Amino acid sequence: MRNSVVAIVGRPNVGKSTIFNRLVGERISIVEDIPGVTRDRIYAQAEWLNTRFNLIDTGGIEIGDEPLLVQMREQAQVAIDEADVIVFIVNAKEGITAADEEVAKLLFKSNKPVVLAVNKVDNPEMRAEIYEYYSLGFGEPFPISGAHGLGLGDLLDEVVKHFPTFSEEEEDEDTIYFSLIGRPNVGKSSLVNALLNEDRVIVSDIEGTTRDAIDTHLKRDGQNYVIIDTAGMRKRGKVYETTEKYSVLRALKAIERSDVVLVLIDAETGIREQDKKIAGYAHEAGRGIVIVVNKWDTVETDEKTMKEYEEKIRAHFQYLDYAPIVFLSAKTKKRIHTLLPMVKEASENHAKRIATNVLNDVIMDAIAMNPTPTVKGKRLKVLYATQVAVKPPSFVVFVNEPELMHFSYQRFLENKIRDAFGFVGTPIKIFARKRS
Ligand SMILES: Nc1nc2c(ncn2[C@@H]2O[C@H](COP(=O)(O)OP(=O)(O)OP(=O)(O)O)[C@@H](O)[C@H]2O)c(=O)[nH]1
Ligand SMILES: Nc1nc2c(ncn2[C@@H]2O[C@H](COP(=O)(O)OP(=O)(O)OP(=O)(O)O)[C@@H](O)[C@H]2O)c(=O)[nH]1
């Protein structure tokens, strides 16, 4: 089941980023610090009343040096195309401007649910002034103050009311959903085509669950696969679709629905900053990951090349140490046949459950080998561990004092779990919880 998507739209300086950060703030600060990922983000997960949703700050999508009105039209269009609910923000200190009216017109025509928020209403006296905003045609305006965190609860209550309901059957448990992400030109479409040509049994191209996402079905060795959003990958045209931020946004949506994400790297041009950013998102989302080095045909190879390239990747993507690397060529189809089995393995590991008794045997052996650390005279005691979730496999380790579980010891336990159960291709999560 996918999360609903909420997009924030409004003129520059109305407070979009302030509100975005308020709504997702805590989540952003708890995620691991992966270089380039947390900075200037326009997309994040948020939660309200136990409902998770994805939030887009369209203000972060800047389209070259187009004039303001064009920028705003494009941003509104992103919201209309991508979101289930749009939060339209205006500035109480400035009243309704011509640009507000222009955007309002576009949003109005789209028939998407729009919730109007009047920002910078920093004190109760100002609430009386919000009535002029009824004229924008979106019903009751919600007075908020992003800076002071006022009115956001009422606003979210209204937003959540408009979420569509998604049926659970949308996704088939026995099918492996995967997506290909990577910089423009790394060969995503070529690789999809290569996979399809190799497998004659293409079921069909059917309309995906999200608007204009086309899922491609294929079957190989009795296993069903769906490649997500291959249409989105091919689509080009609208001005905003050529911006880097927007292509990241597209990748994020595909990641959201994937069991496994193929992170493509171009062997010809090497690893770039943007590769790390994209891979970081996939890791953060907790999906299975396979790193694919495409265009391997362009590299002069001897017996050491692959090993050296692998070391380079490991150094650049340290947090992806669990991801297998496949070197191939979409063009010559060299080693293409190794890809789907790898995707399958990653997917199986991503969904794997370990019985509690077996898990505890491994943990206790690990502790016997490398006793728990002592911090300021207090020793960490591990009582027992249990797997609490799959996709990705998540473990809770019950301990006397969670603060005594140092990062390095947690890492040690993670490695032991990996050694014992072989979680190739999937991140795993470990949480220390108090139990006396
Ligand atoms: N008084 C007041 N100021 C606010 C409030 N919310 C945001 N601001 C201020 O408004 C200015 C613009 O806020 P941003 O969040 O950067 O606005 P934005 O819409 O993301 O702007 P762009 O990135 O240019 O599109 C900043 O100086 C904020 O501190 C608020 O509720 N009250
Ligand atoms: N030599 C070589 N060229 C390749 C390979 N795979 C793709 N290419 C070429 O790389 C270029 C880009 O390939 P695409 O498949 O369009 O790349 P993409 O990632 O889908 O690109 P965008 O749609 O822009 O995101 C094309 O000219 C391909 O022919 C490969 O394995 N070897």
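Quick notes on the rules
Residues numbered from 1 in each chain as written. Chains lettered and ligands numbered in written order. Predicted model: local features only at pLDDT ≥ 70, side-chain atom pairs only at ≥ 80, totals over all residues. Domains from an automatic or database assignment. Helix = DSSP H or I, 4+ residues; strand = E, 2+ residues; numbered from the N terminus. Nonpolar A, V, L, I, M, F, W, Y, C, P; charged D, E, K, R; others polar. Buried ≥ 20, exposed ≤ 12 C-beta atoms within 10 Å, placed from the backbone. Pairing = 2+ DSSP bridges. Right-handed = clockwise from strand over helix to strand, strands pointing away. Near = placed C-beta within 6 Å. Axes fitted to C-alpha atoms, helices over the stretch in contact; angles between N-to-C directions. Parallel < 35°, antiparallel > 145°, perpendicular 65-115°, else oblique. Left-handed = near helix turned anticlockwise from the far one by under 90°. Contact = placed C-beta atoms within 7 Å.

**Describing the domain arrangement of the protein chain**
At step 1: Domain parsing of the protein chain yields domain 1 (4-161), domain 2 (168-350) and domain 3 (356-434).
At step 2: With four residues, the top contributor of residues to the side of domain 2 that touches domain 3 is helix H10 (residues 339-350).
At step 3: Each residue belonging to the side of domain 2 that touches domain 3 can be placed in one class, and the counts come to six nonpolar, five polar and one charged.

**Describing the pairing of strand E11 (residues 260-266)**
At step 1: Buried residues dominate E11, accounting for six of its seven residues.
At step 2: Of the pairings in the sheet, the one linking strand E7 (residues 176-181) to E11 comprises four bridges and is parallel in character. Residue pairing across strands places serine 179 opposite valine 261, the latter belonging to E11.
At step 3: Bridging between E11 and strand E12 (residues 288-294) involves seven bridges; their strand directions are parallel. Along E12, the bridge assignment pairs valine 263 with isoleucine 291.
At step 4: As for the winding sense of the linkage, the β-α-β connection from E11 through helix H8 (residues 273-284) to E12 is right-handed.

**Some words on the site of ligand 2**
At step 1: The environment of ligand 2 is formed by 16 residues, the closest being Gly187, Lys188, Ser189, Ser190 and Lys331.
At step 2: Of the residues forming the shell around ligand 2, the biggest block, three residues, is contributed by helix H5 (residues 188-198).
At step 3: The residue inventory of the shell around ligand 2, partitioned by class, reads four nonpolar, eight polar and four charged.

**Topic: the packing of helix H7 (residues 244-257) against H8**
At step 1: Running from amino to carboxyl end, H7 crosses H8 at an angle of 25 degrees, the nearest separation of the two axes being 10 Å. Relative to H8, H7 is oriented roughly parallel. In the crossing of H7 with H8, the sense of the turn from one axis to the other is right-handed. Facing H7, whose interface residues are Val248, Ala251, Leu252 and Ile255, H8 presents Ile278, Tyr281 and Ala282.

**Some words on the site of ligand 1**
At step 1: Pro12, Gly15, Lys16, Gly59 and Ala147 are the nearest of the 15 residues found near ligand 1.
At step 2: Per-element accounting of the shell around ligand 1 gives the leading share, three residues, to helix H1 (residues 16-30).
At step 3: Classifying every residue of the shell around ligand 1 by side-chain character gives three nonpolar, nine polar and three charged.

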